[in-house]
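Tertiary structure, described
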Amino acid sequence: MRIALPFLALTLGLLLGGTATAADDSAPLPVEHAQWSFEGPLGTYDRGALQRGFQVYKEVCSACHSLNLVAFHDLDGPGGPGFTEAQAKALAAGYKIPAGPNDKGEIFDTHGNPLTRPGVLADHFPPPFPNEEAARASNGGALPPDLSLIVKARAGGPDYVNSLLIGFSQKPPHGFTVQDGKFYNPYFAGRNIAMPPPLVDGSVTYADGTKSSVVQEAHDVVTFLAWAADPNLEARHQMGLEVMAFLVLLSGLLYLSYRKIWKGQH
Amino acid sequence: MAGNSTYVPATGFTRWLDKRLPILRLTHDTVSTFPTPRNLNIWYTFGGILTFCLGVQIVTGVVLAMHYVASADLAFNSVEGGIMREVNYGWLIRILHANGASMFFLAVYIHMFRGVYYGSYKEPREMIWILGVLIYLLMMATAFFGYVLPWGQMSFWGATVITSLFSALDQVIPHLGTAITTWLWGDFAVGDATLNRFFSLHYLLPFAIAAVVGLHIWALHIPGNNNPLGIDVKGPQDTVPFHPYYTAKDAFYLALFMILFAAFVFYAPDFFGNPDNSIQANPLVTPTDIVPEWYLLPYYAMLRSVPQKLIGVLVLLGSLVTLFLIPWLDSSKVRSCRFRPLMKQCFWVFALDCVLLGYVGSQSADAVLNLGGMQLPLVWLARAGTAYYFAYFWVLMPLVGRIERTKALPESIAKSVLGTAGERI
């Protein structure tokens, strides 16, 4: 291993050290790690945080961001926010789902509005804009991404989304130019983000009396979005425990039979 | 080994069957009584593990195909909305399949490095090695097609980058490369037609792999297993019957492997994934860094280490074709690196070189490493790594066998195992 050793040191050094690119003002800051109830092999979603986070999504984020992959029946499903079926039905009924054309081929009602019907459990959350062009037109040319998978779709996952949501409070460094119509956020690539600061203290009034600071709101909505991106996490963790217990037992028994069969053979 | 079957049918039915379809005789001779060197270590259990991996991929894949929609408009939602959310246990089947691919490659790399270390490719086992390399290439193709199917950003752009490699042929004959690329895509860009043919091929190739695995095992049964000492079996005292000895050993290590597999599936299902693949494919938005799955990263680093596209593609191709030739590149008569002190060091440097190339492949193309104030562009590491990769096969393998003084080989497997404790790795 005499030749291999320096090589090993170099390789390890590279793997541990990572690359250092020249730091400039527009390179995003590394995300801040926060505590999440769903971390670790036994992690579960904090029901209170899920329900509060849903409220933040509904009252704040959903004005611009769709949640296409989530259905209303997910809200009362196992491992989710834990609403009752009646609550989920009531929530669904509060949304207008496009219903045209009707049996006469009409797509507008007598007032010229698009035909709609109240949502049912099988419906998915309706998007805030009819199409990408409308979404961009309302948001200064930028497209608010769908939030169904946002936690899985960003490096850093929940920590990134959380850092981004609370990162608006930081002031740009001296000499940094915030582009016209953009906002400064040090965790966003390029640090110029089209989304205005979405959360302020008291953005929502929590039903359970929790004080709605920006940090609390961000934590809750990130928990909700983590669930939206990975709704089977609790079922997976539970099954993982059972599978692991079985496999460890199986390995133990297989080891014993292996030793017994090989006794005296090597 | 053919020709000396010890199978005796015990019942009237098995006697009847044996005259018509001697399938029980085949099983008996190739599995039960097959004489196997008694000194195979943990690294020899990966053949069985790989068979398990192929089985998992085929079974989960067949179920996924029942729910998957191969359409540029619907594919992403059929996976992320349908399979992951609506299909009963669809999430489990999908993460088994996605992580199963990584486990498959992890096992195949261990299996291949083991073969290189103990000289299992050498005479008379050249065909086993060649068929193995063929399986490996089929695996890479299958994995590449499979990675495109969820139709995320990395699926789309990975498909675009890899298929565009053929356009390098434009530098040889103008328009030839572009014509081939268009033919591969079935369109003027990666789209619906591409996705559908990739789905078809992704379903086809695993069965081709299974067939070549059959040949691989057949070829193995002619000379029998190599072993960590790399010396020939000299008689029955050197072997044990495959069953129950190696069935028991393989089963135990397979169970350990399944624990590792399950740890990823249940506790870190996205560990090997790329966040960009949770974003639906968008031909108008290029991801900042287009990276392949981890098991293809070393080749990606080699490809990118050459600024000239055509030569880069040739280097990539050469790195794979070289693998077929190593039975004839290695000049040593001694198989196992246990008795080849110089080759052993070259081997470990080679193993680290592959890890290094993998690391470079995972970084962006213009990344610069800051080594205590010294700026080292990673592309130079990729070049050094690529040079060693080729030098290992084309220079060291022919050369070291001629100049190194090998250690004395043990008299027999039995003596080494049952007598004084043989030297370990």
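A quick note: this is a predicted structure, and the numbers were derived from the prediction, not measured.

What about the overall build of chain B?
- For chain B, the helix and strand inventory stands at 15 helices and 4 strands.
- Its C-alpha atoms give chain B principal-axis dimensions of roughly 65 × 60 × 45 Å.
- Residues classed as buried in chain B amount to 40% of the 425 residues present.
- In chain B, of all internal contacts separated by at least 6 residues, the share reaching a separation of at least 24 is 76%.

Here's the deal with the overall build of chain A
- Counting its secondary structure elements, chain A contains 7 helices and 4 strands.
- Over its C-alpha trace chain A gives a radius of gyration of 25 Å, far above what one expects of a compact globule, namely 18 Å for 266 residues.
- Across its three principal axes, chain A shows a C-alpha extent of roughly 90 × 55 × 40 Å.
- Taking all 266 residues of chain A together, the buried fraction comes to 29%.
- In chain A, the proportion of contacts linking residues at least 24 apart, taken out of those at least 6 apart, comes to 63%.

Describing the packing of helix α11 (residues 297-304) of chain B against helix α14 (residues 378-403) of chain B
All names here are of chain B.
- Closest axis-to-axis distance for the α11/α14 pair is 9 Å, and the angle between their directions is 110°. Judged on the interaxial angle alone, α14 and α11 are roughly perpendicular. Contacts between α11 and α14 involve Ala301, Met302 and Arg304 on the former and, on the latter, Ala382, Gly385, Thr386 and Tyr389.

A few points about the confidence of the model for chain A
- Confidence in the prediction of chain A, expressed as mean pLDDT, is 91, and 91% of residues score 70 or more.
- Here residues 18-22 of chain A is modelled with pLDDT under 50, and outside its nearest four sequence neighbours on either side it reaches 8 contacts, counting other chains as well.

Examining the interface of chain B and chain A
- Chain B puts 38 residues into the contact, and the matching count from chain A is 39 residues.
- Only α4 (75-86), α10 (242-267), α13 (341-362) and β3 (368-371) of chain B provide two or more residues apiece to the side of chain B that touches chain A.

Considerations on the pairing of strand β4 (residues 374-377) of chain B
- Bridging between β3(B) and β4(B) involves 4 bridges; their strand directions are antiparallel. In the strand pairing of β4(B), Val368(B) is matched with Pro377(B).

Some words on the packing of helix α12 (residues 309-329) of chain B against α14(B)
Residues and elements named next belong to chain B.
- Interaxial distance between α12 and α14 falls to 10 Å at its minimum, and their mutual angle equals 20°. Taken together, the axis directions place α12 and α14 in an arrangement best described as roughly parallel. Considering only the axes of α12 and α14, their crossing is left-handed. Residues Val315, Ser319, Thr322, Ile326 and Leu329 of α12 form the contact with α14, whose participating residues are Thr386, Tyr389, Phe393, Trp394, Met397 and Pro398.
- Tallied by class, the residues present in the contact of α12 with α14 amount to 8 nonpolar, 3 polar and no charged.

Re the nonpolar core
Residue and element names in this part refer to chain B.
- Membership of the largest hydrophobic core comes to 55 residues, with the highest contact counts inside it found for Ile49, Cys53, Phe104 and Ala107.
- Secondary-structure elements contributing two or more residues to this core are α3 (46-67), α4, α5 (90-117), α6 (126-148), α7 (153-164), α9 (192-221) and α10.
- Those residues in contact with Cys53, other than ones at most four positions away along the chain, are Gly100, Met103, Phe104 and Ala107.

Considering the environment of Val355(B)
All names here are of chain B.
- Here Val355 lies in helix α13.
- Val355 sits in the partly exposed class, given 17 other C-beta atoms within 10 Å.
- The spatial distance from the C-alpha of Val355 to the C-alpha of Leu297 is 9.1 Å, given a sequence separation of 58 residues.

Here's the deal with unusual backbone geometry
- Of note, the bond from Gly100(A) into Pro101(A) is cis; its omega dihedral lies within 30 degrees of zero at -5°.
- Within the secondary structure, Pro101(A) is located in the loop between β1 (96-98) and β2 (116-118).
- Cis geometry marks the peptide bond from His243(B) to Pro244(B), where omega comes out at 10°.
- Residue position: Pro244(B) is located in helix α10.
- You will see that His175(B), though not glycine, has its phi angle at about 75°, which is positive.
- Here His175(B) lies in the loop between α7 and α8 (176-185).
- Taking the number of C-beta atoms within 10 Å as the measure of exposure, His175(B) has 11 and is therefore exposed.

Considerations on the environment of Tyr203(B)
All names here are of chain B.
- When you line up the elements, Tyr203 lands in helix α9.
- Under the C-beta neighbour-count criterion, Tyr203 is labelled partly exposed, with 18 such atoms within 10 Å.
- Measuring from C-alpha to C-alpha, the distance between Tyr203 and Ser412 comes to 46 Å, with 209 residues separating the pair along the chain.

Topic: the environment of Phe145(B)
Residues and elements named next belong to chain B.
- Residue placement: Phe145 occurs in helix α6.
- A sequence separation of 11 residues divides Phe145 from Leu134, and the C-alpha atoms of the two residues are 17 Å apart.
- The contact partners of Phe145, leaving out residues within four places of it in the chain, are Phe198, Leu201 and His202.

What counts, and where the lines are drawn
Residues numbered from 1 in each chain as written. Chains lettered and ligands numbered in written order. Predicted model: local features only at pLDDT ≥ 70, side-chain atom pairs only at ≥ 80, totals over all residues. Helix = DSSP H or I, 4+ residues; strand = E, 2+ residues; numbered from the N terminus. Buried ≥ 20, exposed ≤ 12 C-beta atoms within 10 Å, placed from the backbone. Contact = placed C-beta atoms within 7 Å. Rg over C-alpha atoms; globule rule 2.2 N^0.38 Å. Axes fitted to C-alpha atoms, helices over the stretch in contact; angles between N-to-C directions. Parallel < 35°, antiparallel > 145°, perpendicular 65-115°, else oblique. pLDDT = per-residue confidence, 0-100. Pairing = 2+ DSSP bridges. Left-handed = near helix turned anticlockwise from the far one by under 90°. Nonpolar A, V, L, I, M, F, W, Y, C, P; charged D, E, K, R; others polar. Core = buried A, V, L, I, M, F, W, Y, C linked by C-beta atoms within 7 Å.

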